[in-house]
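The chain contents come next:
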Amino acid sequence: QELTLPAKTLCSNCMREFQAGGIFGDPNSPFGVCPECEEIFEHQQGQDLKKYVDNLMLPTLVVNQGLRVIAFNGSFLKAFCEWSPKPIGLLTGELLGCLNALLAERCGGSSACLDCAIHRSALETLNTGKLQKNIRAQLTRLEGGRKVRRELLVSTDKLGDLIKITVDSFYTVLEPFSDDI
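Structural notes, computed from the coordinates. As the structure is a computational prediction, the values presented were derived from the model and not from experiment. Numbering of residues starts from 1 in every chain and runs along the sequence as written. The model is predicted, so local features are restricted to residues of pLDDT at least 70 and side-chain atom pairs to those at 80 or more, both for listing and for counting; the totals for chains, interfaces and linings are taken over all residues. Only hydrogens and water are set aside; all other atoms, that is, all heavy atoms of the structure, feed into the side-chain values.

1. A word on the nonpolar core
Here is the rule we go by: Think of a nonpolar core as a cluster: buried Ala, Val, Leu, Ile, Met, Phe, Trp, Tyr and Cys residues, connected wherever their side-chain atoms sit within 4.5 Å. Burial classes follow relative accessibility: with a 1.4 Å probe on protein chains only, a residue under 20% of its type's maximum area counts as buried, one over 50% as exposed, and anything between as partly exposed. Contact between two residues is taken to exist if any of their heavy atoms lie within 4.5 Å; hydrogens are not considered.
In this structure, Phe76 and Phe80 are the most contacted members of the largest nonpolar core, which totals 41 residues. With residues near it in sequence (within four places) discarded, phenylalanine 80 still touches Pro59, Leu95, Leu96, Leu139, Arg141, Arg150, Leu152, Val167 and Phe170.

2. Re the pattern of salt bridges
Put simply, the rule reads: Salt-bridge detection follows one rule: a side-chain nitrogen of Lys or Arg within 4 Å of a carboxyl oxygen of Asp or Glu. Secondary structure elements follow DSSP: runs of H or I no shorter than four residues count as helices, runs of E no shorter than two count as strands, and numbering proceeds from the N terminus.
If you walk through the whole model with that rule in mind, you get four salt bridges. Measuring nitrogen to oxygen at the nearest pair gives 2.6 Å for the salt bridge that ties glutamate 94 to arginine 106. Of this pair, glutamate 94 sits in helix H4 (residues 92–96) while arginine 106 sits in the loop between H4 and helix H5 (117–128), and the two are twelve residues apart along the sequence. On the accessibility criterion, glutamate 94 (18% relative accessible area) is buried. A salt bridge links arginine 149 to glutamate 151; the shortest N-O distance between them is 2.5 Å.

3. Regarding the pairing of strand S7 (residues 146–159)
Which entries qualify depends on this criterion: Strands are labelled as partners when DSSP assigns at least two bridges between them.
The buried fraction of S7 is high, at ten of 14 residues. In this sheet, S7 lies alongside strand S6 (residues 132–143) in antiparallel orientation, the contact comprising ten bridges. Across the sheet, residue glutamine 138 finds its bridge partner in S7, namely glutamate 151. Here S6 folds back onto S7, and the loop between the two strands holds two residues, one of which, glycine 144, carries a positive phi near 60°. Looking at chain direction, S7 and strand S8 (residues 162–174) are connected through twelve bridges and run antiparallel. Residue valine 154 lies in a different strand from S8, and its bridge partner there is valine 167.

4. Quick notes on H5
For clarity, the threshold we go by: Expected helix span is computed as 1.5 Å times (number of residues minus one).
For H5, spanning twelve residues, the distance from its first C-alpha to its last is 16 Å, which sits close to the expected 16 Å at 1.5 Å a residue. Ala117, Ile118, His119, Ser121, Ala122, Thr125 and Leu126 are the residues of H5 that are buried. For H5, the elements touching its buried residues are H4, S6, S7 and S8. At the C-terminal side of H5, glycine 129 shows a positive phi close to 80°.

5. A few points about the environment of leucine 77
Take leucine 77: it is sitting in helix H3 (residues 74–80). Placed 16 residues apart in sequence, leucine 77 and leucine 61 show a C-alpha to C-alpha distance of 9.6 Å.

The structure is reproduced here in structure tokens:
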């Protein structure tokens, strides 16, 4: 059975349409990274985006200025994604599985997002260009049908026009939530 790709894909970085066949995510996903953005990254960083991300040991994702996921590595998938592959183009909290990202306001739009250390660190790096190192963050998500809290240390760094978010360490806290699913 032959896989049919969408005729057009939306670049998660520049949001322009391009012919299907991006280098990340589900081939049936409407998102990808266009050849022009791949080329810009390669010029700025001296290597292509996929190789760069795949060579990183810690769970890492790369986001654009709108905090939409452009790329992630296998370590990230293993640590945070219960199913695979997850398409790129999602907002950061959506890919992380944050419960606040499921609200109507989505990731970055709810009042809880104002306190999100991951969101704040990424924006700080975007606005100042400065590395944010070992920032404490909490994330509430569903795992195996239960609400759990993840305690994380994250670092953010600028990659040209993009932001690299690295999960330096994390652990899961099982808490007695009254509204477990």
